[in-house]
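Fold and geometry: a report
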Amino acid sequence: MGGRQKNQAGTFDHANLAAGADAMLDGRLDAGNHFYSLRVQYEDTDAAGVVYHAQYLAFAERARSAWLRCLGIDQPAMLADDRLGFVVRRIEADFHLPAGLGDILDVESGLLRLGGASLKLQQKIINRENRHILARLVVDIGLVALADGARPKICRLPAAVKAKFSDLALSDG
């Protein structure tokens, strides 16, 4: 049976299996930090099999979205129901070492600062095999209100969203 659990009716509970697999896709929270893993794909690299520098930004973006899901922050619902969205205001990126085709990378995200309408994160992209830090990013994110036909306007984090971040320990940088 490969570790699969049957329900009381003796059949596999596919909904719970799928929900568990979906949660695994988003990584994990540990001591206030979020850990997200990925494998470098062919599309992420140049002809020599080296990851394009812009892909590190994409890896970090995926990890940030997964982190929000792990915290219980539903970005699609915020956008559809409240017309609120997170936007990147600034990124500092230091590239230390290259990643290559097939490498397994861990993206570690931690909260550096929580403001009324913004947050500052640190993200490290790490080669899982040798634990070398490949890139380090500091990301300033704001929350904006999106009104039809109007420019996005910075707004305060809703109390429920801010509370989810407030529970996290600040990263030591």
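Predicted model, so just to flag it, every value in this text is computed and none were measured.

If you tally the helices and strands in the protein, you get four helices and seven strands. Taken from the N to the C terminus, the helices and strands of the protein come in the order α-β-β-α-α-β-β-β-β-β-α. Expressed as a percentage of its 173 residues, the buried residues of the protein come to 37%. For the protein, the accessible surface area stands at approximately 10,200 Å², while carbon and sulfur atoms represent 53% of it.

Here we come to a nonpolar patch on the surface. Side chains of Leu-57, Val-88 and Ile-91 sit close together on the surface and give an oily, nonpolar patch of about 200 Å² of accessible area. Counting through the fold element by element, Ile-91 comes out in strand E3 (residues 84–95).

Most of strand E5 (residues 118–127) is tucked away, with eight of its 10 residues classed as buried. Counting the residues that bridge the hairpin from strand E4 (residues 104–114) to E5 gives three residues. Here E5 pairs with strand E6 (residues 133–145) via nine bridges, running antiparallel. Looking at the pairing, Leu-121 lines up with Val-139 of E6.

This brings us to the layout of surface pockets. When its volume is computed, the largest pocket comes out at roughly 150 Å³. If one sorts the elements of the lining of the largest pocket by residue count, helix H2 (residues 53–70) sits on top with five residues. Across the lining of the largest pocket, the residue classes tally to nine nonpolar, two polar and two charged.

This next bit is on the pattern of salt bridges. Applying the stated criterion across every chain yields a total of nine salt bridges. Between Asp-140 and Arg-89 there is a salt bridge, with the nearest N and O atoms lying 3.6 Å from each other. Remark: Arg-89 occurs in strand E3 and Asp-140 occurs in strand E6; sequence separation between them is 51 residues. On the accessibility criterion, Asp-140 (8% relative accessible area) is buried. Exposure remark for Arg-89: the relative accessible area of 65% places this residue in the exposed category. Salt bridges here are not isolated pairs; linked through shared partners, they connect Arg-89, Lys-120 and Asp-140.

In this section: helix H3 (residues 75–82). For H3, the side-chain oxygen to backbone nitrogen distance between the N-cap and Ala-77 is 3.1 Å, and the N-cap itself is Asp-74. Remark: Arg-83 follows H3 within two positions and exhibits a positive phi of approximately 55 degrees.

Quick look at the nonpolar core now. Residues Tyr-56, Phe-59, Ile-73, Phe-86, Leu-105, Ile-125 and Phe-165 are the most contacted members of the largest nonpolar core, which totals 34 residues. Within the residue set of this core, elements represented by two or more residues are strand E2 (33–39), H2, E3, E4, E5, E6 and helix H4 (159–166). Among the elements that take part in this core, H2 stands out by supplying seven residues, more than any other. Once you skip the residues sitting within four places of it in the chain, Tyr-56 turns out to touch Val-51, Phe-95, Leu-97, Pro-98, Ala-99, Ile-125, Leu-134 and Ala-135.

Let's shift gears to the pairing of E2. Burial analysis of E2 places five of its seven residues in the buried class, which makes it a mostly covered element. Alignment of strand E1 (residues 28–30) against E2, held across three bridges, turns out to be antiparallel. Looking at the pairing, Asp-30 lines up with Asn-33 of E2. Counting the residues between successive antiparallel strands, the hairpin from E1 to E2 contains two residues, one of them, Ala-31, with a positive phi of roughly 55 degrees. As paired elements, E2 and E4 share six bridges and run antiparallel to each other.

Rules used in this analysis
- Residues numbered from 1 in each chain as written.
- Predicted model: local features only at pLDDT ≥ 70, side-chain atom pairs only at ≥ 80, totals over all residues.
- Heavy atoms only, no water.
- Helix = DSSP H or I, 4+ residues; strand = E, 2+ residues; numbered from the N terminus.
- Buried < 20%, exposed > 50% of the residue type's maximum accessible area, 1.4 Å probe, protein only.
- Areas by Shrake-Rupley, 256 points an atom, 1.4 Å probe, with all protein chains shown as cover.
- Patch = residues over 30% accessible without salt bridge, like charges linked within 9 Å, V, L, I, M, F, W, Y side chains within 5 Å.
- Salt bridge = Lys/Arg side-chain N within 4 Å of Asp/Glu carboxyl O.
- Pairing = 2+ DSSP bridges.
- 1 Å grid on protein atoms, 1.4 Å probe; cavity = no way out; pocket = protein on both sides within 12 Å on 5 of 7 lines; lining within 4 Å.
- Points joined across faces, edges and corners; volume = space filled by probe spheres on them.
- Nonpolar A, V, L, I, M, F, W, Y, C, P; charged D, E, K, R; others polar.
- Polar contact = N/O pair within 3.5 Å; in protein donor to acceptor, adjacent residues only side chain to side chain.
- Core = buried A, V, L, I, M, F, W, Y, C linked by side-chain atoms within 4.5 Å.
- Contact = heavy atoms within 4.5 Å.

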